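Single-letter residue listing:
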Amino acid sequence: MSAPRPAIFLDRDGTINVDSGYVSRPEEVVLLEGAAAAIARLNAAQVAVVVVTNQSGIGRGRYTEADYQAVTRRLAELLAAKGAKVDASYHCPHGPEDGCECRKPGTLLHRRAAAELGLDLARSWFIGDRLRDVEPAAALGGHGILVPRSTTPGADVVAASDRFVVATTLDAAVTRALEGLRAPLTPPRTDD
Ligand SMILES: [Mg+2]
Ligand SMILES: [Zn+2]
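Nothing here was measured: the structure is a model prediction, and the numbers come from that model.

Undergrad: Hey, could you go over the pairing of strand E5 (residues 143-146) for me, with residue numbers and the actual values?
TA: Side chains of E5 alternate between two faces, with His143 and Ile145 and Gly144 and Leu146 buried alike. Of the strand pairs in this sheet, strand E4 (residues 125-128) and E5 are connected by 4 bridges, and their pairing is parallel. What sits directly across from Gly128, in E5, is Leu146. Each parallel crossover has a hand, and the one from E4 via helix H5 (residues 131-140) to E5 is right-handed. Relative to strand E6 (residues 165-166), E5 is paired through 2 bridges, and the arrangement is parallel. Note on E6: the bridge partner recorded for Ile145 is Val165. You can see the chain leave E5, run along helix H6 (residues 154-163) and come back into E6, and the turn it takes is right-handed.

Undergrad: Can you break down helix H7 (residues 170-182) residue by residue, with the values?
TA: An ideal rise of 1.5 Å per residue puts 18 Å on 13 residues; H7 measures up with 18 Å between its terminal C-alpha atoms. Among the residues of H7, Leu170, Ala173, Val174 and Ala177 are the ones counted as buried. Buried positions in H7, seen along its axis, are confined to an arc of 100° and lie on one side of it. Across from the buried face of H7, at angles greater than 90 degrees, the exposed residues are Glu179 and Arg182.

Criteria and thresholds
Residues numbered from 1 in each chain as written. Chains lettered and ligands numbered in written order. Predicted model: local features only at pLDDT ≥ 70, side-chain atom pairs only at ≥ 80, totals over all residues. Buried ≥ 20, exposed ≤ 12 C-beta atoms within 10 Å, placed from the backbone. Helix = DSSP H or I, 4+ residues; strand = E, 2+ residues; numbered from the N terminus. Pairing = 2+ DSSP bridges. Right-handed = clockwise from strand over helix to strand, strands pointing away. Expected span 1.5 Å × (residues − 1). Arc of directions from axis to C-beta.

Right, here's the structure in full:
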């Protein structure tokens, strides 16, 4: 097997498509301006693009797993129409009170993706519109970029400013991540 490669982990709602609250029907999927172009840049750079999304609406009974899959297909269609592609999508169907390990900021889905796709989490970038999207970067040794939107809590922006990168658009975040991926690797630390 080839050496593990870095990935860009993207949140879905509010990061790729408009977060209208529990997006659960194909017709509700509306791409954010510039999102497809930003993802296409990652595709061109041959960086794995992995979506990790909290879908507590499934656990809350607001929509079904099949609804989620239909939205996933619609998003792929809209991206494909603009020459962009998500390589893999992972979702947590649980609610916050379920105590699962897959709901972000939990890292189970990122670790599963790493095992299944051969990813190097410590060289990966974690991008989203909430602090919980970027916090896995700290837990997994990677890099986080918050892309705040009008719906992002101010406290998320304040907290992210201390520990992560904050970018104004997904495109700016992608530029930053691609710069980081091109930078030479830091030599391994020798603790002795
Ligand atoms: Mg979001
Ligand atoms: Zn979960």
